[in-house]
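Breakdown of the fold
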Amino acid sequence: MATNEGDCRVVVVGAGAGGTLVATHLVTALSSRFRVELVDAVPTTGRGQAYSTTDERHLLNVPASGMSAFPRDPEHFLRWLRNHHDPGFQPHDFAPRAVFGRYVESLLTTAAEFPGNARLVRRRAEVVDIAGAGTGFVVELADGERVEARAVVLATGSRPGTHWAPAELAADPRLIADPWTQGIPGDGDVLMLGSGLTMVDLAISADRPGRTVHVVSRNDVVPERHVLPTTPPVPPPPGITRTQGIEALRSTLTAHVAETVASTGDWRAAIDGLRPVTAQLWRGLSDADKRRFVAEDARTWDVHRHRMAPATHARFEQVASSGRLRRHRGTIATVRPTEEALHVTLDDGTELSVAAVVNCTGPVGSIAADPLLARLARTGLVRPGPAGLGIDTADDGRIVGTLPETRPFLAVGSLRRGNLWESTAMPEIREQAYDVARVVARSMHGESRRRPADPYGLTLSTNRRAARRYNAALGRLLRLQDGVEEGLAEAVAADPDFVQAHAALALLGHEWGATAHWRASLRAAHRAAAGRHLDDRECSFLDAVTTRLRSDEPTGAAALLRHVRLFPRDALAVSVAVPTVAFGGLTSGTQTAELVESLGRSYGDDWWYAGQLAFVRQDQERWSEAEDLSAYALSVEPASGHAVHARAHVFYETGRHAEGLVWLDEWIRTRGPEANHRSHFSWHAALHELMQDDVEAVRRRYRRELDPSVVSGSRVVVDSGALLWRGRVTGAWTDDLSVGEVRAAAPKDWLSAPPTPFAAMHGAVLLAADGDAGGLTRLAEQASRSDDRVFLEVVSPLCTALVSVVEERWTAAAATLTAVVATMDPLGGSKAQREVVEDTLVHALAMAGRTTEAAAVLDERLSRRSSALDARRRAAVAADLAAR
């Protein structure tokens, strides 16, 4: 480039909402030596077509809670509304479009006022050409000025087109080609061509006594309306993104909507649930199928996906019911202009005389409709997007053309519709603006190549070799396979300053009980972070891990959960947060279900997420859904440990012990050797054998797969120790129990200072199996002093009850255990794991002579699932009761 000044300049073309948000992020991300120039001939900033209206009756079609400009601060717009518009504004209310335009403009104004930020220049000029020059660009303006820049972002949107207009109409000033910049006459009837959201707003504004608004459209359908309260989105069926062809996709979507209506009464929940996978569904179609969708399905999709605010619907219906709005199916055939009116004939022969024809057809998506894009296409800087919509872009917004990938030339908004389909609403625009600004900011600091990413698109600030090793380790974690920590160690060996890998090692070491290991890894992460420019997710992850490891349990859990809310696609963080076979988790019960279900908006039908959701569904006793989800996950990834775990629970809780044992044994044989926590799958198989009252099979499996000689760490407590205690209290296995060996192999802190309530439950069970009343007493006292309510209210009484069991004070044990069983869900883990406490209660009740109560517990369990062991125990209780 000719000057150094151009090396420090970014040009953003287009000052609508998308361009203004990109400029806002850039002004904030870059220092004062840089200049951000926002170029657009329109006089306003932050409004574009969507928010340029001044009529406050024109409302957003998304509630305020969904309109924040910042992806990581979902309540930002709501707070702004309460401070600058209406203190009483509610999350479900719909704000005026004009107010949102002021909000977007205010963000840029505020960012530009800070003296340390990049300088902002707002040029009111038209860009007529862009050309590569050296390592940057030259942007040519309509007045002939040429502006040098290091990076360029296109945010021009799509312009309304009038290709449909007969020549006589196209030449007449009474054609309102762009109703947001041209006024509609105050007198006379008007014809509005198109029946989308633009028409709805303009019909409300144009309505007045004595006027008829004629609405002409090919399909004669108008947008549907939102209803309040909203029905939560229903996730799409598993595997929908692997549907082949538009016919199969139509069939799948039709069935999904029908099933959602049957279960919720509201089709909107089905459409809203598709948002996480919409781009994948679009990309999965062939170009021919994309074009068919645009021609045959797009209108139906739009009226259901982009809906009217309830107040807008009420106003529109009032206009229609007054008789001042008439709808016509068809299009304009001919126009005969006279001095008095435009005489319009529709293709069905209907004749109308109107004062104006208003273009409500919406923007045209083709390059040819935009002079700047057409010129750039001729020089090769851009090319048409899929199905001829917009321009072709990469996943991170880089424009695909003749320029090398290292040249920062990017796009946001409707220009990317060909690649994404949905690319005009604020939830999409805000993510694009943030991501594009991040790419540009890095390029301005000399980072020309895109950084590698994890499987869910999250940036990894490292080299590609280290990223490959990290992703391999993450894949093993998601599949519940061995070698995760070894893989992360290989990643930091490939890049000693790989912050994310060091922080991941620290977190996993802490959660898995490797105390010395996690401290060293955390120190290494902070040393590396001091010299590396991280992105927001990596900074948030390091902060959350640091808080988790250096503070008390509630504070640390809250920090990691906040990170998951901000970055829900951080699968490693989610893995730690959700209670699974690998982790005790940070949530329990309904809180876990709410967390996992909320992630559907981010993961769609991802196989790993399907396995996580399957486990939630089995915990909710929605067995068939859990079975379908786990089967789908395993069809995509046969090694998916989460899916196997969920299915194992379905077999157990539905009493299909023989079938479950055969299936699980085959998986253990073929996939088990690679599985992390493989002893837990063996524990599940042993439970099936125990429920079938096949004690010898349990003994054999224990010696082969659960003995302390083959199991270590926390699993020896959770799986081996718990199985031995369950065998004892059920009377199935009472001799030659290797409790001493299990205790010797157990992590010491799990028996004296357990890190979580889940660990405390299993530590207490092992102490009881070893007859250690003193250890149980000390654990009860420690739990009673905890600030954690679960330790205080559940763990402490449990330990006290187990002391009574060890000392054979059965009446006291039964009384305390009865209370514990009613409140033990917050302990975490699964129902099958917590059931060991219920088995202990049955044993205590029977020993205390309270056989009627023991029988009631067993009867309730047998009503849910069959079990030869429980049936035998029930018979024994009945015999004892009869003897009394």
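Above this text sits the structure in question.
So, a few notes on the structure that sits alongside this text. (Residues numbered from 1 in each chain as written. Predicted model: local features only at pLDDT ≥ 70, side-chain atom pairs only at ≥ 80, totals over all residues. Heavy atoms only, no water.)

Details of the overall build of the chain
Selection rule: Runs of H or I in DSSP of at least four residues are treated as helices and runs of E of at least two as strands, each being numbered from the N terminus. Radius of gyration here is computed from C-alpha atoms only, and the compact-globule reference equals 2.2 Å multiplied by the residue count raised to the power 0.38. Only protein chains enter the calculation, and the probe is 1.4 Å; a residue is then buried if its accessible area is under 20% of its type maximum, exposed if over 50%, and partly exposed in between. Contacts: residue pairs with any heavy atoms within 4.5 Å of one another. Shrake-Rupley sampling with a 1.4 Å probe provides the accessible areas, and residues are treated as covered by the protein chains on show and by no other component. Only four residue types enter the charge count: Lys and Arg as positive, Asp and Glu as negative, with His and the chain ends excluded. Charged side chains are reduced to one point each, which is NZ for Lys, CZ for Arg, CG for Asp and CD for Glu.
When its secondary structure is counted, the chain shows 40 helices and 16 strands. What you see for the chain is a C-alpha radius of gyration of 32 Å, in line with the 29 Å of a compact globule of 884 residues. For the chain, the C-alpha atoms occupy an extent of roughly 110 × 65 × 50 Å along the three principal directions. Among the 884 residues that make up the chain, the fraction classed as buried is 57%. In the chain, the share of contacts with a sequence separation of at least 24, taken over all contacts with a separation of at least 6, comes to 66%. For the chain, the accessible area works out to roughly 34800 Å², and carbon and sulfur atoms hold 50% of it. For the chain, the centre of its 100 positive side-chain charges and the centre of its 110 negative side-chain charges are spaced 3 Å apart.

Topic: the pattern of salt bridges
Counted only if it meets this: By salt bridge we mean one thing: a side-chain nitrogen of Lys or Arg within 4 Å of a carboxyl oxygen of Asp or Glu.
Applying the stated criterion across every chain yields a total of 72 salt bridges. A salt bridge links aspartate 272 to arginine 307; the shortest N-O distance between them is 3.0 Å. Of the two residues, aspartate 272 sits in helix H8 (residues 268–273) while arginine 307 sits in the loop between helix H11 (298–305) and helix H12 (310–321), which places them 35 residues apart along the sequence. Relative accessible area serves as the criterion here: at 22%, aspartate 272 is assigned to the partly exposed category. In this structure, a network of salt bridges that share partners links the residues Glu653, Arg726, Glu835, Glu838, Asp839, Glu860, Arg861, Arg864, Arg865, Asp870 and Arg873.

Some details on the sheet that holds strand S16 (residues 409–411)
Working definition: the strands of a sheet are paired by backbone hydrogen bonds and lie parallel or antiparallel to each other. What counts, and what does not: The pairing criterion for strands is at least two bridges between them, as found by DSSP. As a rule, the C-alpha atoms of each element are fitted with a line to give its axis, helices using only the stretch in contact, and angles between N-to-C directions run from 0 to 180 degrees.
Within the open sheet, the five strands sit side by side as S3-S2-S1-S7-S16. Their pairing is parallel. Lying at the two open borders of the sheet, with one neighbouring strand each, are strand S3 (119–123) and S16. Taking each pair of neighbouring strands and ignoring which way they run, the sheet shows an average axis angle of 20°. Relative to S3, strand S2 (residues 35–39) is paired through five bridges, and the arrangement is parallel.

A look at empty space enclosed by the protein
Our working rule: Two kinds of site are reported from a 1 Å grid over the protein atoms alone, namely cavities, where a 1.4 Å probe fits but cannot get out, and pockets, open sets with protein on both sides within 12 Å along at least five of seven lines, and residues are called lining when an atom falls within 4 Å of a point. Grid points are joined across faces, edges and corners, and a volume is the space filled by probe spheres set on the points. Residue polarity is assigned by list, with Asp, Glu, Lys and Arg as charged and Ala, Val, Leu, Ile, Met, Phe, Trp, Tyr, Cys and Pro as nonpolar; anything else, Gly included, falls into the polar class.
Counted under the stated rule, the structure contains five cavities of 30 Å³ or more. Computed from the structure, the largest cavity encloses a volume of approximately 140 Å³. Taken together, Leu249, Leu253, Leu274, Thr278, Leu281, Trp282, Leu285, Phe293, Trp301 and Trp421 make up the lining of the largest cavity. In terms of residue class, the lining of the largest cavity is built from nine nonpolar, one polar and no charged. Ser158, Val364, Ser366, Asp370 and Leu373 are the residues nearest the centre of the second largest cavity, which is lined by 13 residues in total. Taken together, the residues of the lining of the second largest cavity sort by class into five nonpolar, six polar and two charged.

Regarding the environment of glycine 183
Assignment of secondary structure puts glycine 183 in the loop between strand S8 (175–176) and strand S9 (190–193). Classification of glycine 183 as exposed rests on a relative accessible area of 59%. Sequence separation of glycine 183 and leucine 478 is 295 residues, and the distance between their C-alpha atoms is 57 Å.

Comments concerning the packing of helix H31 (residues 714–729) against helix H38 (residues 831–847)
We count it as follows: Orientation labels follow simple angle bins: below 35 degrees gives roughly parallel, above 145 gives roughly antiparallel, 65 to 115 gives roughly perpendicular, and whatever is left gives oblique. Should the near helix be turned counterclockwise from the far one by less than a right angle, the crossing is left-handed, whereas a clockwise turn marks it as right-handed.
Two elements in contact, H31 and H38, have axes separated by 10 Å at closest approach and are oriented at 30°. Classed by the angle they form, the pair H31 and H38 counts as roughly parallel. In the crossing of H31 with H38, the sense of the turn from one axis to the other is left-handed. Of the residues in H38, those in contact with Arg715, Val718, Ala722, Trp725, Arg726 and Val729 of H31 are Ala832, Gln833, Glu835, Val836, Asp839, Thr840 and His843. Class assignment of the residues belonging to the contact of H31 with H38 gives a composition of six nonpolar, three polar and four charged.

Some thoughts on helix H17 (residues 484–494)
Our working definition: Here the arc refers to the directions that run from the helix axis out to each C-beta atom.
Within H17, the full set of buried residues consists of Val484, Gly487, Leu488, Ala491, Val492 and Ala494. With its buried residues spanning 160° around the axis, H17 presents them on a single face. Looking at the buried residues of H17, the elements they touch are helix H16 (464–479) and helix H18 (499–511).

Here we look at the sheet that holds strand S14 (residues 351–354)
Across the sheet, which stays open at both edges, the three strands sit in the order S12-S13-S14 with antiparallel pairing between neighbours. The open sheet terminates on both sides in strands that have one partner only, identified here as strand S12 (332–337) and S14. When strand polarity is set aside, the average angle formed by the axes of neighbouring strands in this sheet is 25°. Looking at chain direction, S12 and strand S13 (residues 342–346) are connected through five bridges and run antiparallel. Counterpart to threonine 334 in the pairing with S13 is threonine 345.

Things to note about a positive patch on the surface
What counts here: Residues enter patches when their relative accessible area tops 30% and they take part in no salt bridge; the joining distance is 9 Å for like charges and 5 Å for the nonpolar side chains Val, Leu, Ile, Met, Phe, Trp and Tyr.
The grouping of Arg449, Arg464, Arg465 and Arg468 at the surface amounts to a positive patch. Tracing the backbone shows arginine 464 in helix H16. Accessibility expressed as a relative area gives 43% for arginine 464, which makes it partly exposed.

What about the nonpolar core?
Note the threshold: Think of a nonpolar core as a cluster: buried Ala, Val, Leu, Ile, Met, Phe, Trp, Tyr and Cys residues, connected wherever their side-chain atoms sit within 4.5 Å.
Of all hydrophobic cores here, the largest spans 78 residues; its most connected members are Tyr470, Leu488, Leu507, Leu572, Tyr603 and Trp608. The residues contacting leucine 572, other than those within four sequence positions of it, are Tyr470, Leu474, Leu477, Ala504, Leu507 and Phe541. Counting 72 residues, the second-largest nonpolar core is a separate cluster that includes Met691, Leu724, Phe791 and Val821.

Focus: the packing of aromatic side chains
Here is the rule: Aromatic rings from Phe, Tyr and Trp, with only the six-membered ring used for Trp, were paired whenever their centres fell within 6.5 Å, and each pair was classed as stacked if the ring planes differed by under 30 degrees, edge-to-face if by over 60, and tilted otherwise.
What the rule picks out here adds up to 18 aromatic pairs. Taken together, a centroid distance of 6.1 Å and an interplanar angle of 70° make the contact between tryptophan 282 and phenylalanine 293 edge-to-face. One end of the pair, tryptophan 282, is in helix H9 (residues 278–284); the other, phenylalanine 293, is in helix H10 (residues 287–296), with 11 residues separating them in the sequence. The residues tryptophan 282 and phenylalanine 293 share a single accessibility class, namely buried. Ring plane angle 10° and centroid distance 5.7 Å describe the contact between tyrosine 603 and tyrosine 609, whose orientation is recorded as stacked. Exposure class is identical for tyrosine 603 and tyrosine 609. Each is buried.

What about unusual backbone geometry?
Cis peptide bonds are those with omega within 30 degrees of zero, and the linkage from leucine 228 to proline 229 qualifies with -5°. Looking at the secondary structure, you find proline 229 in the loop between strand S10 (213–217) and helix H7 (246–264). Although it is not a glycine, glutamate 621 sits at a positive phi angle of roughly 65°. The topology assignment puts glutamate 621 in the loop between helix H25 (607–619) and helix H26 (623–636). Residues other than glycine seldom take positive phi values, yet aspartate 693 does so here, at roughly 65°. Checked against the element boundaries, aspartate 693 lands in the loop between helix H29 (678–691) and helix H30 (695–706). Residue classification places aspartate 693 among the partly exposed positions, given a relative accessible area of 25%.

Things to note about helix H36 (residues 789–806)
Selection rule: Each helix should span, by expectation, one fewer than its residue count multiplied by 1.5 Å. Note that bend, as reported per residue, equals the angle between axes fitted to the 7 residues terminating at that residue and the 7 residues originating from it.
Here H36 is 18 residues long and its end C-alpha atoms lie 25 Å apart, about the 26 Å a rise of 1.5 Å per residue gives. The largest bend along H36 measures about 30° and falls at valine 795, with the proline proline 797 one to four residues further on. Listed as buried for H36 are Val790, Phe791, Val794, Val795, Ser796, Leu798, Cys799, Ala801, Leu802, Val803, Ser804 and Val805. Lining the buried residues of H36 we find H31, helix H34 (757–769), helix H35 (773–784), helix H37 (810–822) and H38. Taken from the residues just after H36, glutamate 808 is the one with a positive phi, measuring 60°.

Considerations on the side chain of threonine 840
Assignment of secondary structure puts threonine 840 in helix H38. With residues near it in sequence (within four places) discarded, threonine 840 still touches Trp725, Val729, Leu802, Val805 and Leu817.

Quick word on the pairing of S9
Stated formally: The crossover handedness rule: strands pointing away from the viewer, path from first strand over the helix to second strand clockwise, crossover right-handed.
Alternating residues of S9 divide into Val190 and Met192 and Leu191 and Leu193, and every residue in both groups is buried. As judged from the four bridges shared by S9 and S10, these two strands associate in the parallel manner. In the strand pairing of S10, valine 190 is matched with valine 213. With respect to chirality, the unit in which S9 leads through helix H6 (residues 197–206) into the neighbouring parallel S10 is right-handed. Direction of pairing for S9 relative to strand S15 (residues 356–359): parallel, over a ladder of four bridges. Considered in S15, the bridge of valine 190 is made with alanine 356.

Considerations on the packing of helix H28 (residues 657–670) against H29
Contact pair H28 / H29: the axes reach a minimum separation of 9 Å and the direction vectors enclose 155°. By the angle between their directions, the pair H28 and H29 is classed as roughly antiparallel. Crossing of H28 over H29 shows left-handed handedness. Residues His657, Gly660, Leu661, Leu664, Asp665, Trp667 and Ile668 of H28 touch H29, and the partners they reach there are Phe681, Ser682, His684, Ala685, His688, Glu689 and Met691. Grouping the constituent residues of the contact of H28 with H29 by class yields seven nonpolar, five polar and two charged.

Nothing here speaks to function; it is all geometry.
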